[in-house]
Amino acid sequence: MANRLLKRLVTTHPGLFERLDDYRNRRFAFLPSDLPFGFVVDPVKPSLRVFSKSTPFAVDAAVEGPLFLLLALLEGRLDADAFFFSRELTVTGDMEAMLAMRNALDDTGIDLTRDLAVFAGPFSGAATRAMVEIRKRVLKEKPPLWN
Amino acid sequence: MRMATLTLGPVYFLWDGPKWRDFYKKIAHEAPIARVVIGETICSKRNHFTAPYMEEVIVHLERAGKEVILSSPALVTLERESRLMRELIGEATRKVEANDLSALHLLAGKPHVIGPLVNVYNAATAKLLAARGAETICLPPELPFSSVEKIAAITGGADYEIFAFGRVPLAISARCAHARAKGAVKDNCRFVCGDEPDGLAVKTLDRQPFLTLNGVQTLSHSCQSLIGETADLTDAGIARFRLSPQDCDMSAVATLYRAVLDGAMEAGAAAERLEALYPAAPLSNGFHYAREGAAWIAKARTGQHQANS
Amino acid sequence: MELICPAGTPAAFREAVEAGADAVYCGFRDETNARNFPGLNFSRPELKQAIAYAKARGVQTFVALNTFMRAGDEDIWYRGAADAVAAGADALILADFGLMAHVAEHYPEQRLHVSVQASASNPDAINFLVEAFNARRVVLPRTLTIADIARIARQIRCEVEVFVFGGLCVMAEGRCSLSSYATAKSPNMNGVCSPASHVRYVAEGHDLVSKLGDYTINRFPEGEAAGYPTLCKGRFDLASTHAYAFEDPVSLDVMNEIDALTQAGVTALKIEGRQRGKAYVAEAVSTLRKALSATPQERTRLLTRLEALSEGGKTTTGAYEKRWR
């Protein structure tokens with residue numbers, strides 16, 4: 001399921017790959033600080049895995065923060081630097097790779113609601129719906145700071 | 001090929017007048033140096049410390065057969081500084097070394113020298129400066145040998161000099177970090193930079209020595225030395241080696257470099273002697289190898305340069 | 001008064017145009033510009049599209065080729081200039097004399113702007129570049145006071161552009177090798193300062209320690225805003241006291257001085273931040289656009305909003321005010 005989602009994003013936004021350049025071979029983790037699980041992304045495969053934070057995992061770079069910030073980062077709706085400076089987002093590992101990912105995402109214009117709408121049919125799985133639902137909810141709770 | 005010569009760069013630090021005068025008298029009598037670049041370069045507020053001794057020192061150096069070049073300010077922002085620059089160049093009876101773009105403007109058409117603080121990164125820039133009257137270009141210290149080689153391959157214009165000894169000038173600011181470190185600001189600094197004739201150490205929070213403050217200038221903690229690379233550099237066409245004064249026996253430093261250039265001393269042994277002469281800072285040569293400037297790359301004693309000679 | 005806005009990606013470029021930029025500046029995805037960061041900048045086709053997008057909306061595009069050409073590889077920069085000219089750039093922002101001479105000779109009609117990286121900080125320096133290369137505008141170093149700017153503007157024969165918001169260089173720009181001393185990569189040669197490839201954050205107890213290469217640049221106790229380990233913004237041990245040796249991690253903000261800058265003869269105000277996201281660009285540009293036509297009281301209120309965008313959450317008027325020195 002998660003893999004289909006990523007493949008969909010990669011197909012819809014080919015620029016993401018080009019912009020990642022050499023860093024597409026790296027493995028990235030997105031760690032919502034308010035959830036017991038995280039996401040590992042291998043852009044080159046492409047693969048997206050959900051894993052429990054209690055199991056050990058190996059990645060090249062990781063970013064950790066509240067889910068709503070990670071989602072906003074994914075969609076380029078907020079200035080990651082400002083949140084990094086305020087320490088609401090923490091980056092560990094290969095900074096250069098994560099910077100490339102940040103910049104690539106920023107240019108890509110991912111819109112989760114729109115991009116995931118295609119999954120409404122046969123893949124209307126709980127995860128997809130949950131994500132869209134979470135996004136809606138967090139955005140309602142905490143409107144994007146400057147859009 | 002003409003035998004490479006040594007140039008003594010300007011004293012970047014604030015030394016009191018008598019110390020400064022005595023330093024140059026010793027250089028005049030003892031150091032195997034062909035050219036001396038002299039004059040306050042870093043901070044226009046310091047001029048009065050050395051001005052009373054300037055004429056005396058120049059006479060001394062010239063009587064000893066040294067060529068004297070007048071240094072000019074590295075950072076010109078105030079009206080007063082612009083005026084000083086125009087006066088210096090307008091009234092100069094000797095060649096001037098440019099360290100800022102304003103000097104390039106005022107020196108156009110006159111024979112002059114380009115100091116290591118002007119950005120010359122390629123042959124196109126070097127050619128342009130030579131066409132405007134530059135006779136010697138001291139290349140920026142951060143330039144790797146791969147670039148030095150390509151620039152120095154241009155003949156018929158200026159001759160080229162390399163920053164071969166001294167803490168590396170890394171940055172300059174309108175703000176005085178040295179005064180700030182001592183609770184003062186630039187406009188009322190009480191010349192606290194004079195307390196450290198070899199600069200004020202900037203260490204990391206782990207107490208690792210890192211940088212050196214000298215008024216508005218920031219230098220490296222390490223002392224760049226290309227004493228092991230002189231053969232490659234002269235082969236590439238470098239005609240002059242600049243020694244930048246530190247608070248140590250610079251005549252002895254010059255004698256070492258001269259011995260290596262003359263083939264009278266092996267570079268590895270010279271580097272060891274150099275460390276003893278200036279124990280305040282570790283040696284570095286990373287910039288030459290396109291590495292971190294702070295790095296020290298030990299050259300094998302049977303280096304390529306020996307195979308070539 | 002023109003508002004000159006940064007763009008590190010095509011998306012940020014469109015945001016800048018929509019938010020009210022008079023001109024957007026950007027660079028190619030290589031070492032020819034001083035924001036050569038991973039995942040940032042423009043391919044040739046992207047630049048062409050961006051320029052067309054801007055032109056259709058009456059907005060100019062300036063292309064920064066503001067690093068120093070590596071000896072032997074000058075063609076990379078010459079090609080950059082040729083491609084930017086062909087794509088219809090309204091101005092090239094240059095720092096290297098060799099490149100300026102090349103552009104002045106081969107594209108005499110092309111507007112040439114002097115990058116802040118050229119470090120032209122006084123009238124003689126600027127007039128040198130005007131006479132030698134027909135420079136039409138100079139971006140002044142962030143080391144000058146407003147009084148300095150006014151004095152300089154009176155004595156030069158080209159337009160003046162100054163930085164009003166964003167990251168602040170403490171050192172004279174284009175004359176700093178601190179980064180290459182620690183990491184082998186420099187703004188002048190590689191278009192990067194304190195590169196991410198050499199950055200590490202290490203948790204030590206409750207502290208967050210930032211390192212660049214072999215050096216500790218800062219240590220943040222829990223709860224304190226962290227900063228990127230830019231060398232000149234680090235906390236160091238100076239005569240056994242721990243302090244920001246050069247500058248606190250703050251951003252520049254002199255928009256409150258717009259009227260004084262206008263009177264000083266400034267033509268254009270520049271926002272720093274090609275490395276920042278499109279959200280930063282949108283917010284900074286739209287707010288500063290509004291501030292330009294606002295009353296002084298409204299202006300203060302508008303500018304307060306921008307503080308959240310700043311490094312360390314703090315801003316400074318920097319050298320524009322004399323006490324900073």
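Residues numbered from 1 in each chain as written. Chains lettered and ligands numbered in written order. Predicted model: local features only at pLDDT ≥ 70, side-chain atom pairs only at ≥ 80, totals over all residues.

Looking at an unreviewed UniProt entry, one finds chain C named Ubiquinone biosynthesis protein UbiU and attributed to Allorhizobium borbori. As recorded by UniProt, the Subunit (unreviewed entry) comment attached to chain C reads in full: "Forms a heterodimer with UbiV." Reading the Pathway (unreviewed entry) entry of the UniProt record for chain C gives the comment "Cofactor biosynthesis; ubiquinone biosynthesis." (UniProt positions renumbered as here; feature names shortened; annotations may be inferred.)

Draft legend 1. Looking closely at the overall build of chain C. Along the backbone of chain C there are 11 helices and 15 strands. Since a compact globule built from 325 residues should have a radius of gyration of about 20 Å, the 19 Å found for chain C is in line with a globular shape. Sequence-distant contacts, at least 24 apart, represent 62% of the contacts inside chain C between residues at least 6 apart. (Helix = DSSP H or I, 4+ residues; strand = E, 2+ residues; numbered from the N terminus. Rg over C-alpha atoms; globule rule 2.2 N^0.38 Å. Contact = placed C-beta atoms within 7 Å.)

Draft legend 2. Local environment of the interface of chain A and chain C. In this complex, chain A contributes 29 residues to the contact, which on the side of chain C involves 27 residues. For the side of chain A that touches chain C, the secondary structure elements donating two or more residues are helix H2 (15-20), helix H4 (80-85), strand E5 (90-93) and helix H5 (95-108) of chain A. Here the element with the most residues in the side of chain A that touches chain C is H5(A); it accounts for 10 residues. Tallied by class, residues from the side of chain A that touches chain C come to 14 nonpolar, six polar and nine charged. (Nonpolar A, V, L, I, M, F, W, Y, C, P; charged D, E, K, R; others polar.)

Draft legend 3. A look at the sheet that holds strand E1 (residues 28-32) of chain A. All names here are of chain A. Spatial strand order, E3-E2-E1-E4-E5: five strands in an open sheet with mixed pairing. The strands lining the two open edges of the sheet, one partner per strand, are strand E3 (47-52) and E5. Sheet twist, expressed as the average angle between the axes of neighbouring strands with direction ignored, equals 20°. Sheet contacts for H5: E1, strand E4 (61-65) and E5; angle to E4, the most-contacted strand, approximately 65°. (Pairing = 2+ DSSP bridges. Axes fitted to C-alpha atoms, helices over the stretch in contact; angles between N-to-C directions.)

Draft legend 4. The arrangement of the UniProt feature "binding site: [4Fe-4S] cluster" (unreviewed entry) in chain C in detail. Summarizing the sequence annotation, UniProt attributes the feature "binding site: [4Fe-4S] cluster" (unreviewed entry) to Cys169(C), Cys176(C), Cys193(C) and Cys232(C) in the numbering used throughout. A maximum C-alpha distance of 10.5 Å among these annotated residues, which run over 64 residues, shows that they cluster at one spot. Structurally, Cys176(C) is set in the loop between strand E7 (159-167) and helix H7 (178-183). Those residues in contact with Cys176(C) that lie beyond four places of it in its chain are Leu170(B), Ala171(B), Met171(C) and Pro187(C). With respect to the helices, strands and loops of the structure, Cys232(C) is situated in the loop between strand E10 (215-220) and strand E11 (235-238). Residue Cys232(C) is classed as buried on the basis of its 24 C-beta neighbours within 10 Å. Sequence-distant contacts of Cys232(C), defined by excluding residues within four places in its chain, comprise Val170(C), Met171(C), Leu178(C), Phe246(C) and Glu247(C). (Buried ≥ 20, exposed ≤ 12 C-beta atoms within 10 Å, placed from the backbone.)

Draft legend 5. Local environment of the environment of Asp247(B). Residue and element names in this part refer to chain B. Looking at the secondary structure, you find aspartate 247 in the loop between strand E11 (240-243) and helix H9 (250-261). Between the C-alpha atom of aspartate 247 and that of leucine 101, which follows or precedes it by 146 residues, the distance is 29 Å. The contacts of aspartate 247, once residues within four sequence positions are left out, are Pro197 and Asp198.

Draft legend 6. Representation of the packing of helix H5 (residues 123-131) of chain B against helix H4 (residues 97-106) of chain C in the model. At a minimum axis distance of 7 Å, the contact between H5(B) and H4(C) shows a crossing angle of 80°. Taken together, the axes of H5(B) and H4(C) lie roughly perpendicular to each other. Counted together, Ala124(B), Thr125(B) and Leu128(B) of H5(B) and Phe97(C), Gly98(C), Ala101(C) and His102(C) of H4(C) form the full contact between these two elements. Considering only residue class, the contact of H5(B) with H4(C) consists of four nonpolar, three polar and no charged. (Parallel < 35°, antiparallel > 145°, perpendicular 65-115°, else oblique.)

Draft legend 7. Spotlight on the nonpolar core. Judged by nonpolar contacts, the single largest core of 244 residues is most densely connected at Tyr257(B), Ala16(C), Val24(C), Leu92(C) and Val285(C). With nine residues, the top contributor of residues to this core is strand E7 (residues 159-172) of chain B. (Core = buried A, V, L, I, M, F, W, Y, C linked by C-beta atoms within 7 Å.)

Draft legend 8. Quick peek at the environment of Pro14(A). All names here are of chain A. Take proline 14: it is sitting in the loop between helix H1 (2-12) and H2. Residue classification places proline 14 among the exposed positions, given that 10 C-beta atoms sit within 10 Å. Sequence separation of proline 14 and threonine 108 is 94 residues, and the distance between their C-alpha atoms is 8.5 Å.

Draft legend 9. Here's a closer look at the interface of chain B and chain C. On the side of chain C, 56 residues touch chain B, which itself brings 54 residues to the contact. In terms of residue count, helix H4 (residues 101-107) of chain B provides more of the side of chain B that touches chain C than any other element does, five residues in total. Looking at the side of chain B that touches chain C residue by residue, the classes come out as 28 nonpolar, 14 polar and 12 charged. Sheet analysis places strand E8 (residues 200-203) of chain B next to E11(C), joined by two bridges and oriented antiparallel. Each bridged residue has a counterpart across the sheet, and for Val202(B) the counterpart in E11(C) is Leu238(C).

Draft legend 10. Expanded view of the arrangement of the chains. Between chains B and C lies the most contact-rich interface of the two pairs of chains that touch. When C-alpha atoms are compared, chain A and chain B, though not in contact, are closest at a spacing of 18 Å.

Draft legend 11. How the structure looks around helix H3 (residues 67-74) of chain A. Residues and elements named next belong to chain A. Counted residue by residue, H3 has six buried out of eight residues, so it is predominantly covered. Three or more residues of H3 are buried, namely Leu69, Leu70, Leu71, Ala72, Leu73 and Leu74. Just downstream of H3, glycine 76 is the residue with a positive phi angle, here 65°.

Draft legend 12. Spatial organisation of H9(B). All names here are of chain B. Along its 12 residues, H9 runs 16 Å from first to last C-alpha, staying within 8% of the 16 Å computed at 1.5 Å per residue. Those residues of H9 that sit buried are Met250, Val253, Ala254, Leu256, Tyr257, Val260 and Leu261. For H9, the arc enclosing every buried residue in end-on projection is 155°, short of the 170-degree limit, so these residues lie on one face. Tucked into the core, H9 has its buried residues touching strand E1 (5-8), helix H1 (17-30), E7, helix H8 (230-235), E11 and helix H10 (267-277). Just downstream of H9, glycine 263 is the residue with a positive phi angle, here 75°. (Expected span 1.5 Å × (residues − 1). Arc of directions from axis to C-beta.)

Draft legend 13. Inspection of the pairing of E11(B) at higher detail. Residue and element names in this part refer to chain B. Neither face of E11 is open: one carries Arg240 and Arg242, the other Phe241 and Leu243, and all of them are buried. For E7 and E11, the ladder comprises four bridges, and the chain directions are parallel. Within E11, the residue paired with phenylalanine 165 across the bridge is leucine 243.

Draft legend 14. Structural detail: the confidence of the model for chain A. All names here are of chain A. Mean pLDDT over chain A stands at 77; residues scoring 70 or higher make up 73%. Mean pLDDT across the secondary structure elements of chain A bottoms out at helix H7 (residues 126-141), with 58, and peaks at E1, with 93. Throughout residues 141-147 the model reports pLDDT below 50, and contacts reaching past four residues in sequence, or to other chains, amount to 13 contacts. (pLDDT = per-residue confidence, 0-100.)

Draft legend 15. Main features of the sheet that holds E10(C). Residues and elements named next belong to chain C. With antiparallel pairing, the three strands of this open sheet are ordered in space as E8-E9-E10. Strand pairing shows two members of the sheet lacking a second neighbour, strand E8 (199-204) and E10, which therefore form its edges. Put simply, the sheet's adjacent strands are angled 25° from each other on average, direction ignored. Judged from the six bridges that link them, E8 and strand E9 (residues 207-212) form a sheet pairing that is antiparallel.

Draft legend 16. Region of interest: the domain arrangement of chain C. All names here are of chain C. Considered domain by domain, chain C is made up of domain 1 (2-168 + 250-324) and domain 2 (178-244). If you average the C-alpha positions of domain 1 and of domain 2, the two centres end up 26 Å apart. Listed per partner, the contact involves 13 residues of domain 1 and nine residues of domain 2. (Domains from an automatic or database assignment.)

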